[in-house]
Every structure is written in structure tokens, then in C-alpha cells.
Amino acid sequence: MARSIFEQFARRDGLYVLLAQTSAGQQYAGHLLFDRHFPRAHVRQMFVLEPFRRFGAASQLLDHLRHSLTQSCFISIYARVAEDLTSANAFWHKQRFYVQRSEKGGVTRNRQILVRCHELDSPQLFPASGVNDHNPLGLVEPAANELPMYLLDMNVLFDVQPRRLRRTEVVGLFQAERMNFCRLAISSEIRDELQRNLQSRHTDPMEAYIETFPCLPVDQPDEADGIFSKLATLIFPQAAGHRPLTANERSDIRHVITAIQHDLAGIITNDAAMLAVAPEIEQVYGVQVLSSGAFELEESAARSDEAFETAEKDTLRLLSVTTDAEPAVRAFLSQKMHLSGSAIATNWLPIETQGGRIAFRCAVWSGSACIGYVTWPAIVAPDSMTIARAAVDESHPQAIGAARILLKHLVDRLSSTGPRQLKLEVPPNQSHLREVGSVLGFVGSPQGHHFVKSALGQVLTQATWSAGQAALAAKGGPRLPAQAPTYNGPDQQLIAHTPDGNRVHVSLDRLESLLAPTLFCLPGRPAIITPVRRVYAEPLLGHSRQASLLPQTSASLYADRIYLSQPSTLKHFKRGTLMFFYESGKDGGRSQVVAVGRVREAYLRACDALDVSDLQQSVLTTTNLTDIGRSAMKTVTIFDNIFPLPNPVDLKVLKRLGCGRPNDLITTHAISDEQLQAILSEGFGRG
């Protein structure tokens, strides 16, 4: 390599030189050349002089790199080794670099290149309990046997029999239990009542069937007791003060009290009176009241169909797994992921019932090949974690793209309805999912194959802070400060309380990343409006409500994207600044503020130094950079936590707020805190 290459790597702290103490003084013994792009690093060259080989010199270089990257919370290291280099491959295998995939090398030597990967025991992947610098929110994944338990009403039990109207719904419910989405139980009252009714018969299948369920004792509460009378008034208001409760009505109330006393997730019933007040019961007592059909998805909710174009111009498709596609997905899980038949049947591939689906099932396809898969249940208890399972074929060239598609789809889908706690289970050797997951705020144990995440899924303002804080805590997440603090910078420390009550300090930047997608629009936080042309706005921001027939650009694969602008705008893009994107009226544009995001980093880069890999997260290419100006330098801004505005803010509103003059919207400009809060109020429909 040219001398300048080593100088460039040295300036970026990407060169280690090993010195040997000899009788003649210090002597060069070897070097390691590497580059880093969070959360992964690549070994570009390693060399040790012949006299110093077989003494652990190469291992010493790698150990130093491992230690440095682990302290910086990196996830993995990659090395490319020619397949025919037997001794070199033996060395990398000994260093625990497994073969992730094989690629064709250059035409000169016509070699096969083995891409090897080493997964770091990063301290970001924290132990299962305890709070430390790398576990700022104290998230603890639930034990494998801690599944939400629901109490079954008697009418649901009888609906499982043939020719009953709701039989298909109930079959889906019991299949959800077999797939480890939940646990079902009965009360001692149901068992006793069935036995009384069956005394005149010698045998009955239902009597034997109920013995397979856990049985919870039902107390006989005093009907004058506060909780009994409150539930009676709530569920059966027509009886309050007018007539005595019937035996069945008293039984329904006792079942709700049983679920509350035993800290269950909820009750499953088809009783109309109880279902009508289900939201009120959940809000007051934290217990869900669900119908037997709640565990099945409507077809429209379960369907996914998206296409993505990669930087290599390949097309990947994200599709819901249909019955016809099940054999291919099953083969992927068994042959590529080496999962057992029992694991696939009980955890990974929920079957469709006659009436519908009990889980989301999505696969990424490259042509006719399944290269990635994710699944999660249709319904989750209020304060429980959603347990999702994902896998990608790391031997496929587009595996990293599949990982990005799967995890971004998972997080976006789950957080679209508000705060969620998520546990992600993966098979062994899934470095791509670990890397993508770390960017999205997942953390986990290095000893296990699972990660956890808390997603807020909301933009919080001073007006909505209290409601958002309460919603996150109610879903089992950390408890934010009681009031929105004043902004002091991206590194200001916020006080939060972990789910188990520990008080911790976390930087604003880190907290937004861990709870992503979210933005804390604190009083005094700097904000800007920056223009984007219509042709680039939708591919970059994904704000259009109309589905496109064309594949999405490679930028849509990333949670953090790149916005390019003139060099004079660099002063506006400070880390932590809120970016409002104004889609200009040129070429039929909306003349509206359509989305908001967060600045992560900004720097200047010469146009001739930008190559294809630098622009993967952008909607621009090396051939159309001049569309945004002919300057030789560009401001490169990395931004994330993108929220399309539900109510785009029109130009006339911006003019009324004093930030919509023609000169304001030609280029990037700062806005005041008053204008920021007004745009948020308009855009998100909040006062």
C-alpha cells in the first residue's frame, strides 16, 4: 500500500504498530490496519515479521483491537480471508472469527473470499440484572416461563366444541398458547360448577379437558366490599340500585376480582357486558378483558408488501408469509438456521387457523429465496414484553439489508400505537441483527441469543410530556422525569427511574436513541427548517400516505439517513438540533413542513470524495449531486428518529408564524422556540 494510505489510517486511529524490544533497541514487529464505522469494524491488513511469528504477536494486536472496540460498545469485527490460505484461515478460526459468507474475489487471482465475523462481548450488551454505565435504563428481559396468563370464562371453554359459532376464534386462542404467546387458566369456580352439572353423568370430555388447565382459587368477597360494588356498578349499571345481581353476574365480578388478586394479564370472555367496559377495567385495574377473537389478526392488519432497492441495485421484498410460502420459510429455518422441528413448530412458525392468523409473520425475499424472517404475536398483555423472533441468512450477499428491513419493520409496526417493550430472540451467529439492533436501541446479554428494547414511539412536547411519561411507565418502561426539563444540550443528564425503581442519569442523546423512535422537544431546544425537493422528499422521509409501486430506495433501509446541502449550511446542523423538512412547491411539491428528525452529526465533504458507499443512506447519487448546487464541497448531515407529521404544516401557517417568507424557505434557517412549539402543535394536532 502507498505511504499515504497508512498516514490516513493513522490519523483516524486505525493503525496499530507492534514494537519488539531487542538488543539493538525497539524494532518494528508488525502492524494492524483497520477501519471503524459503528457498530462494526473491518480488519484491512495485518502483518507480522517472520522472526516474531508463532509467539502470539498477531493475537496481541487483535486482542488490543478487541479491547478497544468493546470499550466503545462495538458489536463485531470483520476480516476477509482468501479461501485457499489454509494457515491464515486456521488462525482466524482460532481467533473465533466464524465464516459468515463466501464471495467471489477479484478477476486477477480468481479467488473465493471468506468473510469472517467475530462478535464482541460488548459491555453495551449488559448483564441480565443491575444498572451500570452500559445499562442506563435497567431493562431486564422476562424469564422464559414468565408469559402473560389469562383467565378463561366458561362460555369460551364451551365454544371450542364442534358447530359452535365462535369455534374458529377459540381454536386460534388455544394455538396462541401452544406457540408460547400466553398461558391460559381456569378458576376453581368453573371447575366446581362443571363437576356439579356433570354429577348425573358418568363421563364427559369437558370434565377431563378442564383438568389440563392451571386452576386458580376464587375468593368469596363481601358484596359490600368496595371493589365488588365498584365493578358491579361499572359492568352492570342497569342493576345498580334497581334489582339484585343474578348468579351469573356475581360470578363475572368474582372472576374479574380473581384476575386482579392473582396479578393476571386479563380475562377472556365473550360476555357483551364485560367487553363493553373493557377499556375502563384496564385503565382502573390494569386487567385486560378480551374476546376469544382478540388473538387473531384481521387480514388487512397482518398483510405486508414492500419492495426495497439495495445499493447494489438488487430488489428485496418484504411479504407476509402465506400458507403457500410456509414450506420455503420452514426450509429456511431448518436448513439455514438449523432450528429443530419442535422449535419451529412451537415458537418460530405460528400456523394459520381456519378463521385467521394469531401472529405477524413476515419474510424478506431475494428473488425466490427466503433470506430473512420475523414473527411476533397478535396481542400482548398491557405491561408485558412483546416476544419477537428473527433470523437472516448471513451467507447471502444481501443479509445486512434483510436485517435492516426486518428490524425496522418490527420496531415501526409495534411503536406505531405507542410505547412498547420488546424482546427479540435470534439463533446463534446473527451478527447482522445484533449490529442493526444496536443502532435501533436494542441491548441484551452476551451469553444469550436475545435482546430487549423499550420503544416510546411518540414525539413529546412540553404539553404532552406528562401523558407520554405515564404511558411509557404503564407499559413496563422506564419512568421519565415528572416534568419536561429545559434543554441544555444533547449531553445533558436526565434523571429516570428503571422499571425496578432505581434512579439513574442518562444523557438526552442516549435516552432518545434507546427509546427510539422518539423525540424530546424540550423548551429551548434548537430547531431549523430545511428545504427538500418533492422528487427527493418521499424517498428520504417516507411521509407519503400513498403507497408507491416502485421499490423504495436504499436510504429507506436505514434508521439514520443522510441529507446533503450547501457548505454554508453547516453552522445550522449542530448535534441534537431538531430538523423540520419543508417540501418545496417546485415541480408540484406540497409547500408544507412534512416531517421532523434529529441531527446526529454533520461535516463537510468534497464531492469528488463521495463514493457510492458514502451515499447509501442518501437519495442522491454521485451523478446527480449537482441538483443541489455546483459547489465542490457539501454539508453531510446524518439524522434519525424521523416522524412524518400527521398534519403537514402549510405555507400560510408558516407565514403566520413568521418563518414562511420566501427567503426563509430557499435554504436552511433557524426558528425560535415559540415557532417550534407552534409547528409541533399544528403538525401533531396537539394543544
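Anyway, here's the lowdown on the structure attached to this text.

The rules behind each value
- Residues numbered from 1 in each chain as written.
- Predicted model: local features only at pLDDT ≥ 70, side-chain atom pairs only at ≥ 80, totals over all residues.
- Heavy atoms only, no water.
- Buried < 20%, exposed > 50% of the residue type's maximum accessible area, 1.4 Å probe, protein only.
- Helix = DSSP H or I, 4+ residues; strand = E, 2+ residues; numbered from the N terminus.
- Pairing = 2+ DSSP bridges.
- Salt bridge = Lys/Arg side-chain N within 4 Å of Asp/Glu carboxyl O.

With that settled, consider the pairing of strand β15 (residues 369-377). Here β15 lies mainly inside the structure; eight of its nine residues are buried. Pairing of strand β14 (residues 359-366) with β15 involves eight bridges; the strand directions are antiparallel. Looking at β15, one finds that Arg361 is bridged to Thr375. The loop that links β14 with its antiparallel partner β15 comprises two residues; one of these, Gly367, has a positive phi angle of about 65 degrees. Pairing analysis gives four bridges linking β15 to strand β16 (residues 386-392), with the strands arranged antiparallel. Note on β16: the bridge partner recorded for Gly372 is Val392.

With that settled, the discussion passes to the pattern of salt bridges. Scanning the model with the defined rule gives 30 salt bridges in all. For the salt bridge of Glu326 with Arg361, the shortest nitrogen-to-oxygen distance reads 2.9 Å. Placement of the pair is Glu326 in helix α13 (residues 326-336) and Arg361 in strand β14, with a sequence separation of 35 residues. Residue classification places Glu326 among the buried residues on the basis of a relative accessible area of 12%. What makes Arg361 buried here is its relative accessible area of 3%. The partner of Glu425 in a salt bridge is Arg389, with the nearest N and O atoms 3.0 Å apart. Here the residue Glu425 occupies a position in strand β17 (residues 420-425), and Arg389 occupies one in strand β16, the gap between them amounting to 36 residues. For Arg389, a relative accessible area of 5% puts it in the buried group. By sharing partners, the salt bridges in this structure join Asp491, Asp509, Glu512, Arg525, Arg575, Arg598, Arg600 and Asp640 into a single network.

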